[in-house]
Structure formats: structure tokens, C-alpha cells
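# Fold and contact review
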Amino acid sequence: MTQQRFLKGLIAAPFTPMDEAGKVNLSVIETYAELIDKNEVSGVFICGTTGESMSLTTDERKSIAGAWVAQANKRFKVIVHVGGTSQPQSIELAAHAQEIGADAISLMAPGFFKPEKVKDLVDFFEPIAAAAASLPFYYYNMPSITGVFLPVNEFLQQGKARIPNLKGVKYTHNNLMEMQQCINLNDGEFEVLHGFDEILLTGLAIGATAAVGSTYNYIPALYNEIMDLVKEGNLEKARILQNVSVDVISVVIKHGGGVRGGKAIMNLLGLNCGPCRSPIAEFTKNEYKELKVDLEKIGFFNLVNQL
């Protein structure tokens, strides 16, 4: 029986603001939170891939989580990614997320020493999820980053038996057959959050009702309209808008990908997210000019939500 969904609609994956010296700039999060609230985004997925979590210290991740929970002030949900390669660190981050009043936690599989079997992954996650037992826990499946290609539907089945707060999965993978298996598992027991902005329409077509992505930071209206069109059954227009998304993401990829290119876009739009942390190279002045030209060619600035 399909359960009531905790997460719905668009969930932005925020960039972590940095100053020119590469230090976390918490002061920007107040303005960032106002943008999220104004643009009809239902939540934020913080300190994930877009948030450069693996380049942050434990204390930095805690301070970022605290700032987002405070600034959200229950206007939208805050999902804290607490994953990493160290189980004790993730336990500490999970307990902190629960303590500060976050709405949920998420965990990416450890990508250095990798679990070989589904049971190994459950063993790794179980004490971390238990440290935030009152919060929903979502497995963050992104094998292109972690190198962990274990069957997610089997993880959900085995994991639920030992992790009571396992709610679902952030599915950032292109195995759409497996994604369907997860959506339909136990008659829709688990929430499956679609993780690829450029094929949101595909995820919606097979039953996803919520999505996490980096481009939802700056063009959420486009994706909200896609979701509305799918509900109305107007797939023809939804396909046209999805192609617009593909045009935008093609420019982002050209300029370094979702983290580097996306962060530069936020800076262009007036939200000072600063540079990425090394080893991601800082944008040069000339690159900003080229990025702006490429975005103008596709009419991006007519799409973007005002900051």
C-alpha cells in the first residue's frame, strides 16, 4: 500500500557559499533561504555533491546544517547529507542533524573502501541511521561518484528489516528499470527521489513525485511547470520544456559541470556563492564572460527566477 509521501515536488541541492579565501561563508545562507522560499521549492538537500560535502570538514558541515535549519525556520524541509567514508564521522553528523531539528538525513555509500554486498552497505548505514532515529533516512544512490553499483531494490528490502527509519532513496542513476523496481517495491512503500534534472520527465513518467537537483536553485519555475504538465497529461509541452532544461545543462557541463558551472551561474545571478574549493578550479573572469554569452544564446536569463 502506497504510504503518504514525506517529500514532494522540487528539492534544491544548494551550493556551499565560500569566500575568496575558500572559507565557508555562512552569511549568504540567509539570502539563499529567502530565494528557496520565494521560488516554491519544497526543500533543500544540503552538503551533498553540489554542496561539496567531501571537501568540507566535520565542523563546517555542522555549521552549514545549523545555518540552513535556522534560516529555513520550517518554511521548507532541510535534508542533511551526512555520508562519507568514515562511519564514526557520519554517526556524529547524523546525531547533530537530529539535535538541531533537521527534517531528514541522507547517506551516500562509502566510495573509497566499498561495500561488496548489500549486507555490507546495511551494516555501514545501520548505526548511522540509528543516531538520528527520529528522522527519515534516504539512501543517496550515485554510483557514478561512489563506484557502488549494488542493487538498490535489494538494499531497500534488506535495509528496512534493520533500519526502521529507512524512508527511501535519492536515485541519481540512469538505470530506469531498477528505479521502477524501487518505486513499485512493496506496492509503493518507499519514496524514490529523482536525481537527474535533465531527465526529470522520465522519472515522473515512471512514478517519481519528488526530485532533488542543482538546477532547481536557479530555474525551478521551469521544472515546476514540467511537473504540473505531467499531472495534467500534457506530455507534448512537458517534452518541450525538458528540452529547454537539456539546453541549460549542456551549457553547465561545457563550463565544468553541475558544481563548478552551477556555482558560477549563481554568482552571475547575484547570489555570492564564491568559488569552489580545491581541487575544483576557480572560474576566471574570461570564463564568466564566456558563460554569460552561452547562457544568453539559449535565452537563459528569460527563464531564471529573480534573485
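In this report, the structure presented in the accompanying data block is examined. (Residues numbered from 1 in each chain as written. Predicted model: local features only at pLDDT ≥ 70, side-chain atom pairs only at ≥ 80, totals over all residues. Heavy atoms only, no water.)

### Some words on the sheet that holds strand E4 (residues 104-108)
On the basis of which strands lie adjacent, the closed barrel formed by 8 strands has the order E1-E2-E3-E4-E5-E6-E7-E8 and parallel pairing. Within this sheet the neighbouring strands show an average axis-to-axis angle of 30 degrees, counted without direction. Taken together, the 4 bridges between strand E1 (residues 9-12) and strand E8 (residues 210-213) define a ladder with parallel strand orientation. Bridge pairing in E8 places Leu10 opposite Ala211. Here helix H2 (residues 58-72) sits on the sheet in contact with strand E2 (43-46) and strand E3 (77-81), set at roughly 170 degrees to E3. (Pairing = 2+ DSSP bridges. Helix = DSSP H or I, 4+ residues; strand = E, 2+ residues; numbered from the N terminus. Axes fitted to C-alpha atoms, helices over the stretch in contact; angles between N-to-C directions. Contact = heavy atoms within 4.5 Å.)

### Focus: the nonpolar core
Counting residues in each nonpolar core, the largest one holds 89 residues, and the members touching the most others are Trp68, Phe137, Tyr139, Phe155 and Tyr218. For this core, the element with the highest residue contribution is helix H4 (residues 118-130), accounting for 7 residues. With 13 residues, the next largest nonpolar core counts Ile11, Ala13, Ile79 and Tyr140 among its residues. (Core = buried A, V, L, I, M, F, W, Y, C linked by side-chain atoms within 4.5 Å. Buried < 20%, exposed > 50% of the residue type's maximum accessible area, 1.4 Å probe, protein only.)

### Some words on the state of the cysteines
Applying the stated criterion across every chain yields a total of 0 disulfides. No disulfide involves Cys47; its nearest neighbouring cysteine sulfur is the one of Cys273, lying 13 Å away. What makes Cys47 buried here is its relative accessible area of 2%. Cys273 forms no disulfide, and the closest cysteine sulfur to it belongs to Cys276, at a distance of 9.4 Å. Residue class for Cys273 comes out buried when judged on its relative accessible area of 0%. (Disulfide = S-S within 2.5 Å.)

### Overview of unusual backbone geometry
At the junction of Ser278 and Pro279, the peptide bond is cis and its omega measures out at 20 degrees in the coordinates. With respect to the helices, strands and loops of the structure, Pro279 is situated in the loop between helix H11 (257-268) and helix H12 (285-297). Positive phi is not limited to glycine here, since Glu40 has a value of about 60 degrees. Assignment of secondary structure puts Glu40 in the loop between helix H1 (28-38) and E2. Look at Glu40 and you get exposed, because its relative accessible area is 64%. For Asn186, which is not glycine, the phi dihedral falls at a positive 50 degrees. Within the fold, Asn186 resides in the loop between helix H7 (176-184) and strand E7 (191-194).

### Observations regarding the pattern of salt bridges
What the rule picks out here adds up to 12 salt bridges. With a shortest N-O distance of 2.6 Å, Glu92 and Lys62 are connected by a salt bridge. Here Lys62 lies in helix H2 and Glu92 lies in helix H3 (residues 87-100), a separation of 30 residues in the sequence. Note that Asp294 and Lys254 form a salt bridge whose closest N and O atoms lie 2.9 Å from each other. Here Asp294 is found in helix H12, whereas its partner Lys254 is found in helix H10 (residues 235-254), with 40 residues between them in sequence. According to the relative accessible area criterion, Lys254 is exposed, its value standing at 58%. Three or more residues are tied together by salt bridges with common partners; here these are Lys119, Asp123, Glu126 and Arg162. (Salt bridge = Lys/Arg side-chain N within 4 Å of Asp/Glu carboxyl O.)

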